Amino acid sequence: MHSEQLLADWREKAFRFESEIEKAIIGQPRAIRLMTIAVFARGHVLLEGNVGVGKTTLLRAVSLAIGGEYERIEGTIDLMPADLIYYTYLDENGRPRVDPGPVLKHGEGLSTFFFNEINRARPQIHSLLLRIMAERSVTAFNREFRFPYLQVFADRNRVEKEETFELPAAARDRFLLEIAMDYPSDADILDQLTFDPRYHDANRLLGVVTPAVLPYRELDEIAAAIQSGIQASPTLRAYTRDLWRASHEPERFGISVADADMSELIQAGASPRGMSYLIRAARVHAWLKGRDRVIPEDIQGVFYPAMAHRVFLKPAYEYRRDELVPGLVDKILHSIAAP
Amino acid sequence: MKRTYLAFLLLFLGAAVSHGGETPGPVRDFQVSTPRPFGYAIGDVILQTLNVAVDREALLDRNSLPPSRINRWLELREANVRESEHDGLRRYSIELAYQSFYAPLEVKNLAIPAFKLAFTHGEDVFELEVPAWRFTTAPIRELSILREEGLEPMQPDAPPALPSRTGPLRGLASAAAAGAGAGLYLVYLYGYLPWQQRGRHFRAACRSVRTLSRASGTPDYSSAYTAIHRAFNGVNGQPLFSDHLEAFFADHPAFEPLREEIAAFFASSYDFFFTERPKDKFVGNELGPQSGPRRGEPQRGGAQTEFPMPRLFRLCRDCYDVERNLR
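Residues numbered from 1 in each chain as written. Chains lettered and ligands numbered in written order. Predicted model: local features only at pLDDT ≥ 70, side-chain atom pairs only at ≥ 80, totals over all residues.

Bringing the overall build of chain B into the picture now. Counting its regular elements, chain B contains 9 helices and 10 strands. The proportion of buried residues among the 327 residues of chain B is 21%. For chain B, contacts bridging at least 24 residues in sequence account for 62% of all contacts bridging at least 6. (Helix = DSSP H or I, 4+ residues; strand = E, 2+ residues; numbered from the N terminus. Buried ≥ 20, exposed ≤ 12 C-beta atoms within 10 Å, placed from the backbone. Contact = placed C-beta atoms within 7 Å.)

Here it is in structure tokens:
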């Protein structure tokens, strides 16, 4: 009973968190819901969207509402791992100084780390990020720095391909969700974004977000309570297994995508880690819906953002990824029955 | 006289065997077998067999056989040489098939030209002359003489009598009937017949639920729910989930009168399948058909709805009635 009460209380906090973000971000309810899911599943997020849709503003609003320290870095082709860890300069006395870089500067309090345009950074940066994401720690100055509350958000520019480094499969797999942000289609919202001076200055806009709605130091605990408190029945497990198999061998489930040889399409489907992330996110989804059990709709609600970036196509089809993967995921969801 | 008689006899037997002329030293025996020397027309094939026995050391030079085009009217169609050794002799049996293309206007004497078979005997080469063979050939068209004598001109060949078609036709008809029957049966088994198509999903579900409700022991709700879900999936064309019920009713307005019952069924099914609890504790209300709320009546609250077998069957039957009248 105690844990049910705890979950209910936290659900209220989660809704408050969402409504705080909605004060600053309009027309993106799905992205905000997925952000909330990622926060309560304690997973890292890859944001994808065109320029100017409000990715940075959303992240700043999230980090404000979570509380804790926020750090942001821009991915560039000459960025090296050392640039994240320390920086050197001459102080006012002309002496060389070495100070902690953006990752280390806030110490344990770092709760949100935003990596802008991650695909512009080199693979060395990707591998450092991999370690930070997987272990929430980094070694520097002969000791280990730990970031127990860290959540990494990265953003991938999908417009340009020149001078970019595609994220390796291992790095992509470590992101819980890949959230796509599109331009809002609603005319009212577009009008507001265009004409309302409120949305012209991001700093002023973020001023309305109440900081630290969620105590970030308690998030790990409540995340664990959600994962243990929300049930997943054997039927649901079987359904998830079928979805997983279908992501590996769609042709066995009679799934086909236009203009693609299904036996030659998939290089690798979702990993076991990917499936565990899917269930983590689905449990949070169920919890936010006020359920004590996961139902297929919860899986479906997070399936695309949790799985689409984990399906690896064969090279011949990779360049048509943007066109093929949504169709494939859609077909999988519409072909697998439960029960 | 006796000799002439014998010659005629041989001629009428249809074959003649004659010895060749002078034979060289190593040749022990030489015979030419020929068919009748008359009664040939254009295009006929004349078979001639040469049997030669030579010393074992002698070998036939096969190049000495006649060429395929002998002259303007005669061709050699085939030449088969069989070789065997017997009694210290090498025996050759040479079968020559000539074809005559001579078109005579009257009965005419012709001859297959003589030629020489060459043999090698160690270093030596010797030849064996095959004599020319004379035969008569006749025209195959009517001759003016015949008409002048008042005889009938040449008649076309009598058409062949057609064999009876009755047997094969009957066989074909019965095979076609058997094939069509087998095809129909297959179509029936696959359920492709038009009247089978109508209401097929819920008919199958009704059958399963009826069988399950008649089974003794703990009712198998899992299979019963699954059967009904399959029927809904079938009608929907893809898996139907609780969230998509609104779209389902929009696409299939015929199910609208059953909305409450279907929604209650989905709620109950989700409760049954997606709650982690021992399945055997989920026992439907087995008081009989009267125990469940009737269609249209308000359901007992959401996820707690229990569907006993009779209610499941009633839902199935109602849905079957709707599905049967679709389209």
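Now that the structure is up, let's keep going.
Residue and element names in this part refer to chain B. On the basis of which strands lie adjacent, the open sheet formed by 3 strands has the order β4-β8-β9 and antiparallel pairing. Among the strands making up the open sheet, the edge pair consists of β4 (58-61) and β9 (124-130). The sheet shows a mean angle of 35 degrees between the axes of neighbouring strands, direction not considered. (Pairing = 2+ DSSP bridges. Axes fitted to C-alpha atoms, helices over the stretch in contact; angles between N-to-C directions.)

Interface size, as often reported, equals the accessible area lost upon joining of the parts. Every contact between the two is made by 14 residues of chain A and, on the other side, 14 residues of chain B. Of all elements in the fold, only α10 (234-248), α12 (296-307) and α14 (321-335) of chain A reach the threshold of two or more residues within the side of chain A that touches chain B. Here the side of chain A that touches chain B is built from residues that sort into 7 nonpolar, 5 polar and 2 charged. (Nonpolar A, V, L, I, M, F, W, Y, C, P; charged D, E, K, R; others polar.)

For the rest of this paragraph, the subject is the nonpolar core. Counting residues in hydrophobic clusters, the biggest one holds 125 residues, and the most contacted among them are A:Met35, A:Val45, A:Leu278, A:Ala281, B:Val209, B:Ile228 and B:Cys316. Considering each element in turn, this core owes the most residues, 9 residues, to helix α2 (residues 29-41) of chain A. Every residue in contact with B:Cys316, bar those within four places of it in the chain, is listed here: B:Phe202, B:Ala205, B:Cys206, B:Val209 and B:Ile228. Among the nonpolar cores identified, the runner-up in size contains 19 residues, and B:Tyr40, B:Ala53, B:Leu96 and B:Leu117 belong to it. (Core = buried A, V, L, I, M, F, W, Y, C linked by C-beta atoms within 7 Å.)

Residue and element names in this part refer to chain A. Bridging between strand β6 (residues 137-140) and strand β7 (residues 143-146) involves 4 bridges; their strand directions are antiparallel. By the bridge assignment for β7, Ala140 is matched with Arg143. Connecting β6 to the antiparallel partner β7 that follows it, the hairpin turn spans 2 residues, and Phe141 within it adopts a positive phi of roughly 50 degrees.

Two modes of strand pairing occur in sheets, parallel and antiparallel, and in both the strands are linked by backbone hydrogen bonds. Residue and element names in this part refer to chain A. Strand order in the open sheet made by the 5 strands is β2-β5-β8-β1-β9, with parallel pairing throughout. This sheet does not close on itself; its edge strands, each paired only once, are β2 (69-74) and β9 (175-181). The mean inter-strand angle of the sheet, taken between neighbouring strand axes irrespective of direction, is 20 degrees. In terms of strand pairing, strand β1 (residues 44-49) meets β9 through 6 bridges, oriented parallel. Across the sheet, residue Leu46 finds its bridge partner in β9, namely Glu178.

Residues and elements named next belong to chain A. Looking at the element boundaries, Arg72 is found in strand β2. Through-space distance from the C-alpha of Arg72 to that of Thr56 is 9.5 Å; in sequence the pair is 16 residues apart. Setting aside anything within four residues of it in sequence, one finds Arg72 in contact with Phe114 and Asn116.

With respect to the helices and strands, the residue B:Phe273 is situated in helix α8 (residues 259-274). Sequence separation between B:Phe273 and B:Thr226 is 47 residues; the distance between their C-alpha atoms is 9.7 Å. Setting aside residues no more than four positions away along its own chain, B:Phe273 makes contact with A:Ser233, A:Thr235, A:Pro339 and B:Tyr225.

Attention now goes to the packing of α2(A) against helix α9 (residues 219-229) of chain A. All names here are of chain A. At a closest axis distance of 8 Å, the pairing of α2 and α9 adopts a crossing angle of 95 degrees. By the criterion of interaxial angle, the relationship of α2 to α9 is roughly perpendicular. Of the residues in α9, those in contact with Val39, Phe40 and Ala41 of α2 are Leu219, Ile222, Ala223 and Ile226. Class assignment of the residues belonging to the contact of α2 with α9 gives a composition of 7 nonpolar, no polar and no charged. (Parallel < 35°, antiparallel > 145°, perpendicular 65-115°, else oblique.)

Residue and element names in this part refer to chain B. With 80% of its residues at a pLDDT of 70 or more, chain B has an overall mean of 80. By mean pLDDT, the top-scoring element of chain B is helix α3 (residues 166-190) (94), and the lowest-scoring one is helix α1 (residues 2-12) (47). For the stretch residues 6-16, pLDDT sits under 50, and the model shows 9 contacts to residues farther than four places along the chain or on other chains. Here residues 279-305 scores under 50 on pLDDT; set against residues more than four positions off or in separate chains, the count is 36 contacts. With pTM at 0.67, the complex prediction returns an ipTM value of 0.80. (pLDDT = per-residue confidence, 0-100.)

Our focus in this paragraph is the environment of A:Ser233. Mapping A:Ser233 onto the fold places it in the loop between α9 and α10. Residues A:Ser233 and A:Ile295 lie 62 residues apart in sequence; the distance between their C-alpha atoms is 8.7 Å. Contact partners of A:Ser233, with chain neighbours within four places excluded, come to A:Arg293, B:Phe273, B:Phe274, B:Thr275 and B:Glu276.

It is worth spelling out the confidence of the model for chain A at this point. Should pLDDT be low for a region, the predicted coordinates there are not to be read in detail. With 99% of its residues at a pLDDT of 70 or more, chain A has an overall mean of 86. Mean pLDDT across the secondary structure elements of chain A bottoms out at helix α6 (residues 169-173) of chain A, with 82, and peaks at α2(A), with 92.

Another point: unusual backbone geometry. Residues and elements named next belong to chain A. One non-glycine residue, Asn142, lies in the positive phi region at around 60 degrees. The residue Asn142 is located in the loop between β6 and β7 in this model. The exposure class of Asn142 is exposed, given the 5 C-beta atoms found within 10 Å. The phi dihedral of Ala212 falls on the positive side, at around 55 degrees, and the residue is not glycine. Note that Ala212 resides in the loop between α8 (202-206) and α9.

Residue and element names in this part refer to chain A. With 6 of 6 residues buried, strand β8 (residues 151-156) lies mostly within the body of the structure. Side chains Gln151, Phe153 and Asp155 project from β8 onto one buried face, and the interleaved Val152, Ala154 and Arg156 project onto a second face that is buried too. With 4 bridges connecting them, β1 and β8 associate as parallel partners. Among the inter-strand pairings, Leu46 is bridged to a residue of β8, identified as Ala154.

Moving on: helix α9 (residues 309-324) of chain B. Residues and elements named next belong to chain B. The first and last C-alpha atoms of α9 sit 22 Å apart over 16 residues, in line with the 22 Å expected at 1.5 Å per residue. Taken together, the buried positions of α9 are Met309, Arg311, Leu312, Phe313, Leu315, Cys316, Cys319, Tyr320 and Glu323. Among the structural elements, α5 (200-214), α6 (221-236) and α8 are those in contact with the buried residues of α9. (Expected span 1.5 Å × (residues − 1).)

A word on helix α5 (residues 123-135) of chain A. Residues and elements named next belong to chain A. A rise of 1.5 Å per residue sets the reference length of α5, with its 13 residues, at 18 Å; its end C-alpha atoms lie 18 Å apart and thus fit the reference within 8%. Those residues of α5 that fall on the buried side of the exposure criterion are Ile125, His126, Leu129, Ile132 and Met133. The buried side chains of α5 occupy one side of the element, clustering within an arc of 125 degrees when seen end-on. Residue Arg136 follows α5 closely and has a positive phi angle near 50 degrees. (Arc of directions from axis to C-beta.)

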